Amino acid sequence: MVTETNCEVDGLKQVKILSQIEKAKQQHTLVEVYVKKQAGEFEVGYPILSDHRWLILATLDAHGQFAGFTLFALKRLKRVRSTTPYLKIVTTYQAFLKEHDHYDPFNLSQKEKTVTQWSKQLLPNLFTALTKERAYITLSGRFDIVPLDQVVAATAHHFTCLPFDQLTYQHGKPIILAYKDISFLQFWGPDDLLFHHTNEN
């Protein structure tokens, strides 16, 4: 997440947010996505898939490097912004990294082809993939859990994850969570690769 500085919170209606997302998808342009109750923070990336409930963003970190993917619940979005001074800076960073072959060192962006195939069943396909890989995710929403979890099972309305302690590399007891309570969920990023690699060794 990036810290928002000196920005007025001017709330956009849902229709305007959806329109901005669709425009950014068609033009393949960067956006800043703000989530309700996430004071002063936003995610930067390219909208690649959305339906009437969810948005998936291909994200960049603060240095313009590819950082994986984030699922957002549309009902929890506060606003979407494009063509901002900050995005111009990130675009410059991105161009520099691409020029020096450091934009996507783990080839994570190749998974975008998989994501774009989920248009008809976005959420079920996502959680089928996350469960199959026992993927590590960063999670936020209407639940009180540690932010980092490993997905181990999924049903039509819920998913099961194991809370993960990054200091001890220990998993907690399984927790069942409802999809409807998700605000955002980060997946298939460098952390997923790192934790899998470390646990295997």
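Residues numbered from 1 in each chain as written. Predicted model: local features only at pLDDT ≥ 70, side-chain atom pairs only at ≥ 80, totals over all residues. Heavy atoms only, no water.

**Some thoughts on the overall build of the protein chain**
Here is step 1 of the chain: The helix and strand tally for the protein chain stands at five helices and 12 strands.
Here is step 2 of the chain: Taking 2.2 N^0.38 as the reference for a compact globule, 201 residues should give roughly 17 Å; the C-alpha atoms of the protein chain span a radius of gyration of 17 Å, in line with that estimate.
Here is step 3 of the chain: Expressed along its principal axes, the backbone C-alpha trace of the protein chain runs to roughly 45 × 40 × 35 Å.
Here is step 4 of the chain: A total of 201 residues make up the protein chain; the buried ones form 44% of that total.
Here is step 5 of the chain: For the protein chain, the share of sequence-separated contacts (at least 6 apart) that also reach a separation of at least 24 residues comes to 59%.
Here is step 6 of the chain: Accessible area for the protein chain stands at about 11,200 Å²; split by element, carbon and sulfur atoms hold 52% of it. (Helix = DSSP H or I, 4+ residues; strand = E, 2+ residues; numbered from the N terminus. Rg over C-alpha atoms; globule rule 2.2 N^0.38 Å. Buried < 20%, exposed > 50% of the residue type's maximum accessible area, 1.4 Å probe, protein only. Contact = heavy atoms within 4.5 Å. Areas by Shrake-Rupley, 256 points an atom, 1.4 Å probe, with all protein chains shown as cover.)

**Re the layout of surface pockets**
Here is step 1 of the chain: Estimates place the volume of the largest pocket at around 340 Å³.
Here is step 2 of the chain: In this structure, the largest pocket is lined by 25 residues; those nearest its centre are E43, T59, A67, Q186 and P190.
Here is step 3 of the chain: The set of elements that each furnish at least two residues to the lining of the largest pocket consists of β3 (41–50), β4 (54–60), β5 (66–73), β7 (136–141), β12 (182–187) and α5 (190–200).
Here is step 4 of the chain: In the lining of the largest pocket, the residues fall into 15 nonpolar, six polar and four charged.
Here is step 5 of the chain: The leading source of residues in the lining of the second largest pocket is helix α4 (residues 122–133), at five residues.
Here is step 6 of the chain: In the lining of the second largest pocket, the residues fall into eight nonpolar, five polar and three charged. (1 Å grid on protein atoms, 1.4 Å probe; cavity = no way out; pocket = protein on both sides within 12 Å on 5 of 7 lines; lining within 4 Å. Points joined across faces, edges and corners; volume = space filled by probe spheres on them. Nonpolar A, V, L, I, M, F, W, Y, C, P; charged D, E, K, R; others polar.)

**Points about the confidence of the model for the protein chain**
Here is step 1 of the chain: For the protein chain, per-residue confidence averages 90 on the pLDDT scale, and 94% of positions sit at 70 or higher.
Here is step 2 of the chain: Confidence drops under a pLDDT of 50 for residues 5–12, and excluding neighbours within four residues, the segment shows 12 contacts in the predicted structure. (pLDDT = per-residue confidence, 0-100.)

**Quick notes on a positive patch on the surface**
Here is step 1 of the chain: A cluster of basic side chains, namely K37, R53, K75 and R142, defines a positive patch on the protein surface.
Here is step 2 of the chain: Turning to its location among the elements, R53 is positioned in the loop between β3 and β4. (Patch = residues over 30% accessible without salt bridge, like charges linked within 9 Å, V, L, I, M, F, W, Y side chains within 5 Å. Salt bridge = Lys/Arg side-chain N within 4 Å of Asp/Glu carboxyl O. Lys, Arg positive; Asp, Glu negative; His and termini not counted. Charge placed at Lys NZ, Arg CZ, Asp CG, Glu CD.)

**Quick word on the environment of A135**
Here is step 1 of the chain: Among the secondary structure elements, A135 is positioned in the loop between α4 and β7.
Here is step 2 of the chain: When residues no more than four places from it in sequence are discounted, the contact partners of A135 are L130, D149, Q150, V151, D192 and H196.

**Thoughts on the nonpolar core**
Here is step 1 of the chain: Of all hydrophobic cores here, the largest spans 41 residues; its most connected members are I56, F127, L130 and F187.
Here is step 2 of the chain: Listed by contribution, the elements that provide at least two residues to this core are β3, β4, β5, α2 (85–99), α4, β7, β9 (158–165) and β12.
Here is step 3 of the chain: No other element matches the six residues that α4 contributes to this core.
Here is step 4 of the chain: Once residues lying within four places of it in the same chain are set aside, the contact partners of F127 are V151, A154, F159, Y179, I182 and L185.
Here is step 5 of the chain: In terms of nonpolar packing, the next biggest core, distinct from the first, is built from 13 residues, A24, L57, F72 and F184 among them. (Core = buried A, V, L, I, M, F, W, Y, C linked by side-chain atoms within 4.5 Å.)

**Thoughts on the pairing of β5**
Here is step 1 of the chain: Burial analysis of β5 places seven of its eight residues in the buried class, the great majority of the element.
Here is step 2 of the chain: Here β4 pairs with β5 via seven bridges, running antiparallel. Its bridge partner lying in β5, W54 is registered against A73.
Here is step 3 of the chain: The loop that links β4 with its antiparallel partner β5 comprises five residues; one of these, G64, has a positive phi angle of about 85°.
Here is step 4 of the chain: Two strands pair when backbone bridges link them, and β5 and β12 are joined in this way by four bridges, in the antiparallel orientation. For T70, the partnering residue across the bridge sits in β12 and is Q186. (Pairing = 2+ DSSP bridges.)

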